[in-house]
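# Reading the structure
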Amino acid sequence: TEMLDLPFLPFCVLLGGLGFMCVAFVSAWCQHWRGGFALDGSAQTFNWHPVLMVTGMVVLYGAAALVYRLPAAWSGPKLPWKALHGTLALAAFALAVLGLAAVFRFHNAKGTPNMYSLHSWLGLVTVLLFSCQVGAAPAPHHALSPLCPSLSPPLPSLQWLAGFSAFLLPWAPAWLRALYKPVHVFFGSTILMLSMASCVSGINEKLFFSLKNGTTEYKRLPAEAVFANMLGLLILLFGVLVLGALARPSWKRPDADFPDSCQVPALWRGH
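Attention here is on the structure that accompanies the text. This is a predicted model, so every value here is computed, not measured.

Within this structure, the stated rule accounts for 0 disulfides. The cysteine Cys 199 is free of any disulfide, with Cys 22 supplying the nearest cysteine sulfur at 8.9 Å. With a relative accessible area of 11%, Cys 199 lands in the buried category.

In C-alpha coordinates:
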(Lines give C-alpha, C1' and ligand atoms only; values in the text may rest on other atoms or scores of the structure.)
Protein backbone atom coordinates (compact mmCIF):
# COMPACT_ATOMS: atom_id res chain seq x y z
CA THR A 1 0.00 0.00 0.00
CA GLU A 2 1.11 3.55 -0.64
CA MET A 3 2.30 5.52 2.34
CA LEU A 4 0.44 8.64 1.30
CA ASP A 5 -2.48 9.03 -1.04
CA LEU A 6 -1.47 12.55 -2.03
CA PRO A 7 -0.22 14.01 -5.33
CA PHE A 8 3.39 15.08 -5.24
CA LEU A 9 2.91 18.77 -6.02
CA PRO A 10 0.53 19.50 -3.08
CA PHE A 11 2.89 17.50 -0.90
CA CYS A 12 5.79 19.61 -2.22
CA VAL A 13 3.92 22.81 -1.31
CA LEU A 14 3.32 21.44 2.19
CA LEU A 15 6.97 20.51 2.53
CA GLY A 16 8.06 23.93 1.29
CA GLY A 17 5.87 25.55 3.91
CA LEU A 18 7.40 23.37 6.62
CA GLY A 19 10.90 24.23 5.44
CA PHE A 20 10.08 27.94 5.52
CA MET A 21 8.69 27.53 9.05
CA CYS A 22 11.88 25.79 10.18
CA VAL A 23 14.03 28.69 8.95
CA ALA A 24 11.60 31.28 10.32
CA PHE A 25 11.42 29.61 13.74
CA VAL A 26 15.17 29.23 14.19
CA SER A 27 15.75 32.83 13.01
CA ALA A 28 13.06 34.18 15.35
CA TRP A 29 14.45 32.17 18.27
CA CYS A 30 17.95 33.56 17.79
CA GLN A 31 16.74 37.11 17.12
CA HIS A 32 14.09 37.42 19.84
CA TRP A 33 15.47 35.33 22.71
CA ARG A 34 19.21 35.01 21.98
CA GLY A 35 20.02 38.62 21.12
CA GLY A 36 20.37 38.68 17.34
CA PHE A 37 23.46 38.26 15.16
CA ALA A 38 27.04 39.57 14.98
CA LEU A 39 30.48 38.62 13.66
CA ASP A 40 32.60 39.64 16.65
CA GLY A 41 32.98 36.32 18.45
CA SER A 42 30.23 37.11 20.96
CA ALA A 43 27.16 35.03 21.75
CA GLN A 44 25.49 36.76 18.81
CA THR A 45 28.13 35.20 16.55
CA PHE A 46 27.11 31.78 17.83
CA ASN A 47 23.52 32.50 16.77
CA TRP A 48 24.54 32.10 13.14
CA HIS A 49 25.29 28.46 13.88
CA PRO A 50 21.73 27.14 14.38
CA VAL A 51 20.30 29.33 11.60
CA LEU A 52 22.88 28.23 9.03
CA MET A 53 22.77 24.58 10.05
CA VAL A 54 18.99 24.28 9.94
CA THR A 55 18.81 26.18 6.65
CA GLY A 56 21.63 24.25 5.01
CA MET A 57 21.76 20.76 6.47
CA VAL A 58 18.01 20.27 6.80
CA VAL A 59 16.00 22.52 4.46
CA LEU A 60 18.31 22.96 1.46
CA TYR A 61 19.61 19.42 1.80
CA GLY A 62 16.06 18.06 1.84
CA ALA A 63 15.21 20.14 -1.22
CA ALA A 64 18.25 18.77 -3.05
CA ALA A 65 17.20 15.22 -2.21
CA LEU A 66 13.76 15.73 -3.76
CA VAL A 67 14.83 17.30 -7.06
CA TYR A 68 14.41 14.04 -8.97
CA ARG A 69 10.91 13.56 -7.54
CA LEU A 70 9.62 16.62 -9.41
CA PRO A 71 7.38 15.46 -12.28
CA ALA A 72 9.15 17.89 -14.63
CA ALA A 73 12.35 15.91 -14.04
CA TRP A 74 10.80 12.66 -15.26
CA SER A 75 11.14 13.39 -18.97
CA GLY A 76 13.87 14.80 -21.12
CA PRO A 77 17.54 15.16 -20.24
CA LYS A 78 18.72 14.63 -16.70
CA LEU A 79 21.64 17.02 -16.84
CA PRO A 80 19.76 20.23 -15.83
CA TRP A 81 18.25 18.42 -12.85
CA LYS A 82 21.61 16.99 -11.87
CA ALA A 83 23.02 20.51 -11.99
CA LEU A 84 20.16 21.78 -9.76
CA HIS A 85 20.65 18.87 -7.36
CA GLY A 86 24.36 19.57 -7.15
CA THR A 87 23.89 23.31 -6.76
CA LEU A 88 21.46 22.90 -3.86
CA ALA A 89 23.78 20.39 -2.20
CA LEU A 90 26.78 22.67 -2.57
CA ALA A 91 24.79 25.62 -1.19
CA ALA A 92 23.76 23.49 1.79
CA PHE A 93 27.37 22.46 2.35
CA ALA A 94 28.61 26.06 2.14
CA LEU A 95 26.08 27.13 4.80
CA ALA A 96 27.12 24.18 6.99
CA VAL A 97 30.79 25.20 6.78
CA LEU A 98 29.90 28.78 7.71
CA GLY A 99 27.78 27.44 10.57
CA LEU A 100 30.76 25.50 11.89
CA ALA A 101 32.94 28.57 11.50
CA ALA A 102 30.51 30.57 13.64
CA VAL A 103 30.51 28.12 16.55
CA PHE A 104 34.30 27.66 16.48
CA ARG A 105 34.78 31.43 16.40
CA PHE A 106 32.51 31.81 19.42
CA HIS A 107 34.17 28.99 21.37
CA ASN A 108 37.69 30.22 20.62
CA ALA A 109 36.83 33.79 21.62
CA LYS A 110 35.40 32.62 24.94
CA GLY A 111 38.01 29.95 25.64
CA THR A 112 35.37 27.21 25.50
CA PRO A 113 36.59 23.72 24.57
CA ASN A 114 35.52 22.41 21.18
CA MET A 115 34.15 19.01 20.20
CA TYR A 116 33.37 17.55 23.65
CA SER A 117 29.59 16.98 23.50
CA LEU A 118 27.55 14.30 21.77
CA HIS A 119 25.91 17.04 19.69
CA SER A 120 29.29 18.21 18.39
CA TRP A 121 30.35 14.65 17.56
CA LEU A 122 27.11 14.02 15.67
CA GLY A 123 27.46 17.29 13.82
CA LEU A 124 31.05 16.63 12.82
CA VAL A 125 30.24 13.14 11.54
CA THR A 126 27.32 14.58 9.57
CA VAL A 127 29.40 17.30 7.91
CA LEU A 128 32.27 14.91 7.17
CA LEU A 129 29.89 12.47 5.48
CA PHE A 130 28.32 15.36 3.61
CA SER A 131 31.76 16.50 2.45
CA CYS A 132 32.22 13.05 0.93
CA GLN A 133 28.88 13.40 -0.87
CA VAL A 134 29.59 16.80 -2.39
CA GLY A 135 33.30 16.12 -2.47
CA ALA A 136 34.84 18.88 -0.42
CA ALA A 137 37.75 18.54 1.93
CA PRO A 138 39.52 21.18 4.05
CA ALA A 139 42.47 22.89 2.44
CA PRO A 140 45.44 23.41 4.72
CA HIS A 141 46.53 27.02 4.29
CA HIS A 142 43.66 29.37 3.41
CA ALA A 143 41.22 31.34 5.57
CA LEU A 144 37.56 30.50 5.27
CA SER A 145 35.84 33.75 6.19
CA PRO A 146 35.79 36.55 8.75
CA LEU A 147 33.79 34.23 11.02
CA CYS A 148 36.67 31.88 11.65
CA PRO A 149 40.07 32.46 10.02
CA SER A 150 41.37 29.17 11.45
CA LEU A 151 39.11 27.09 9.24
CA SER A 152 39.73 26.45 5.55
CA PRO A 153 37.57 26.56 2.42
CA PRO A 154 36.41 23.41 0.67
CA LEU A 155 38.41 22.14 -2.28
CA PRO A 156 37.52 19.38 -4.75
CA SER A 157 38.38 15.88 -3.48
CA LEU A 158 38.36 12.36 -4.81
CA GLN A 159 34.73 11.93 -3.78
CA TRP A 160 33.71 14.99 -5.80
CA LEU A 161 35.61 13.62 -8.79
CA ALA A 162 33.85 10.28 -8.36
CA GLY A 163 30.42 11.89 -8.19
CA PHE A 164 31.16 14.24 -11.06
CA SER A 165 32.47 11.40 -13.20
CA ALA A 166 29.58 9.09 -12.37
CA PHE A 167 26.63 11.46 -12.72
CA LEU A 168 27.52 14.55 -14.73
CA LEU A 169 29.89 13.41 -17.46
CA PRO A 170 27.78 12.16 -20.39
CA TRP A 171 30.42 9.62 -21.40
CA ALA A 172 30.56 7.96 -17.97
CA PRO A 173 29.84 4.23 -18.40
CA ALA A 174 26.47 2.91 -17.23
CA TRP A 175 28.12 0.38 -14.91
CA LEU A 176 29.88 3.20 -13.03
CA ARG A 177 26.63 5.10 -12.48
CA ALA A 178 24.83 1.89 -11.47
CA LEU A 179 27.61 1.06 -9.00
CA TYR A 180 27.81 4.48 -7.37
CA LYS A 181 24.14 5.47 -7.29
CA PRO A 182 23.00 3.14 -4.43
CA VAL A 183 25.90 4.33 -2.30
CA HIS A 184 25.04 7.97 -3.02
CA VAL A 185 21.35 7.43 -2.22
CA PHE A 186 22.04 5.48 1.00
CA PHE A 187 24.42 8.06 2.42
CA GLY A 188 22.12 10.86 1.29
CA SER A 189 19.30 9.55 3.50
CA THR A 190 21.73 8.76 6.32
CA ILE A 191 23.10 12.32 6.28
CA LEU A 192 19.60 13.78 6.48
CA MET A 193 18.78 11.61 9.50
CA LEU A 194 22.06 12.61 11.16
CA SER A 195 21.32 16.26 10.39
CA MET A 196 17.97 15.98 12.12
CA ALA A 197 19.57 14.33 15.16
CA SER A 198 22.31 16.97 15.27
CA CYS A 199 19.88 19.88 15.07
CA VAL A 200 17.50 18.51 17.70
CA SER A 201 20.32 17.63 20.11
CA GLY A 202 21.83 21.08 19.53
CA ILE A 203 18.55 22.83 20.33
CA ASN A 204 18.26 20.78 23.52
CA GLU A 205 21.85 21.49 24.52
CA LYS A 206 21.49 25.23 23.93
CA LEU A 207 18.35 25.38 26.06
CA PHE A 208 20.03 23.56 28.94
CA PHE A 209 23.03 25.92 28.75
CA SER A 210 20.99 29.12 28.41
CA LEU A 211 17.97 28.65 30.67
CA LYS A 212 19.70 28.91 34.03
CA ASN A 213 21.51 31.45 36.19
CA GLY A 214 18.73 33.96 36.73
CA THR A 215 16.41 32.84 33.94
CA THR A 216 13.46 30.50 34.20
CA GLU A 217 14.82 26.96 34.17
CA TYR A 218 14.21 24.70 31.19
CA LYS A 219 12.18 22.28 33.30
CA ARG A 220 9.69 25.10 34.02
CA LEU A 221 8.97 25.39 30.27
CA PRO A 222 9.30 29.14 29.73
CA ALA A 223 8.12 30.59 26.43
CA GLU A 224 11.57 30.22 24.84
CA ALA A 225 11.67 26.52 25.69
CA VAL A 226 8.23 25.89 24.21
CA PHE A 227 9.16 27.80 21.05
CA ALA A 228 12.49 25.97 20.61
CA ASN A 229 10.88 22.60 21.32
CA MET A 230 8.37 23.35 18.57
CA LEU A 231 11.28 24.15 16.25
CA GLY A 232 12.73 20.73 17.00
CA LEU A 233 9.41 19.06 16.17
CA LEU A 234 9.17 21.01 12.89
CA ILE A 235 12.67 19.85 11.92
CA LEU A 236 11.76 16.24 12.65
CA LEU A 237 8.50 16.49 10.73
CA PHE A 238 10.22 18.05 7.72
CA GLY A 239 12.94 15.41 7.68
CA VAL A 240 10.57 12.47 8.14
CA LEU A 241 8.36 13.70 5.27
CA VAL A 242 11.41 14.07 3.00
CA LEU A 243 12.52 10.52 3.84
CA GLY A 244 8.97 9.30 3.25
CA ALA A 245 8.86 10.97 -0.16
CA LEU A 246 12.19 9.40 -1.08
CA ALA A 247 10.89 5.97 -0.10
CA ARG A 248 7.64 6.16 -2.10
CA PRO A 249 8.09 4.18 -5.34
CA SER A 250 5.42 6.02 -7.32
CA TRP A 251 7.26 9.33 -6.87
CA LYS A 252 10.54 8.04 -8.28
CA ARG A 253 11.67 8.97 -11.77
CA PRO A 254 11.21 5.93 -14.06
CA ASP A 255 14.88 5.54 -14.94
CA ALA A 256 14.26 2.48 -17.05
CA ASP A 257 12.36 4.63 -19.53
CA PHE A 258 14.79 7.53 -19.41
CA PRO A 259 18.32 6.14 -19.24
CA ASP A 260 21.28 8.24 -18.19
CA SER A 261 22.58 8.09 -21.74
CA CYS A 262 19.90 10.68 -22.53
CA GLN A 263 21.25 13.15 -19.98
CA VAL A 264 22.74 15.47 -22.62
CA PRO A 265 20.15 17.65 -24.40
CA ALA A 266 19.71 16.83 -28.07
CA LEU A 267 20.71 20.37 -28.98
CA TRP A 268 24.06 19.84 -27.32
CA ARG A 269 24.58 16.66 -29.34
CA GLY A 270 24.07 18.56 -32.59
CA HIS A 271 20.52 17.29 -33.37
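Generally, phi is negative for residues other than glycine and the peptide bonds are trans, each holding for most cases. One non-glycine residue with positive phi stands out, namely Met 115, at about 60°. The topology assignment puts Met 115 in the loop between helix H4 (79–110) and helix H5 (118–134). We note that Leu 221 has phi near 50°; this positive angle belongs to a residue other than glycine. Structurally, Leu 221 is set in the loop between helix H7 (174–210) and helix H8 (223–247). According to the relative accessible area criterion, Leu 221 is partly exposed, its value standing at 48%.

Here Ser 198 shows up in helix H7. Other than its neighbours up to four places away in sequence, Ser 198 contacts His 119, Leu 122, Gly 123 and Thr 126.

Following the criterion strictly, the structure yields 10 aromatic pairs and no others. The interplanar angle of 85° and the centroid separation of 5.6 Å between the aromatic rings of Phe 93 and Phe 130 together place this pair among those described as edge-to-face. In this pair, Phe 93 is assigned in helix H4 and Phe 130 in helix H5, connecting sequence segments 37 residues apart. Judged by centre distance (5.2 Å) and plane angle (80°), the rings of Phe 186 and Phe 187 are edge-to-face. Look at Phe 186 and you get exposed, because its relative accessible area is 53%. Members of the aromatic cluster, joined through ring pairs, are Phe 8, Phe 11 and Trp 251. Residue placement shows Arg 248 over the ring face of Trp 251; its charged tip is 4.4 Å from the ring centre.

Close approach of charged atoms allows side chains with opposite charge to pair. On inspection of all chains with the given rule, the structure shows 2 salt bridges. In this structure, Arg 34 engages Glu 224 in a salt bridge whose closest nitrogen and oxygen atoms are separated by 2.8 Å. Of this pair, Arg 34 sits in the loop between helix H1 (8–33) and helix H2 (43–46) while Glu 224 sits in helix H8; the two residues are 190 residues apart in sequence, bridging distant segments of the chain. On the basis of relative accessibility, which here comes to 5%, the residue Glu 224 falls in the buried class.

Rules used throughout
- Residues numbered from 1 in each chain as written.
- Predicted model: local features only at pLDDT ≥ 70, side-chain atom pairs only at ≥ 80, totals over all residues.
- Heavy atoms only, no water.
- Disulfide = S-S within 2.5 Å.
- Buried < 20%, exposed > 50% of the residue type's maximum accessible area, 1.4 Å probe, protein only.
- Helix = DSSP H or I, 4+ residues; strand = E, 2+ residues; numbered from the N terminus.
- Contact = heavy atoms within 4.5 Å.
- Phe/Tyr/Trp six-rings, centres within 6.5 Å; stacked < 30°, edge-to-face > 60°.
- Lys NZ or Arg CZ within 6 Å of the ring centre and 35° of its normal.
- Salt bridge = Lys/Arg side-chain N within 4 Å of Asp/Glu carboxyl O.

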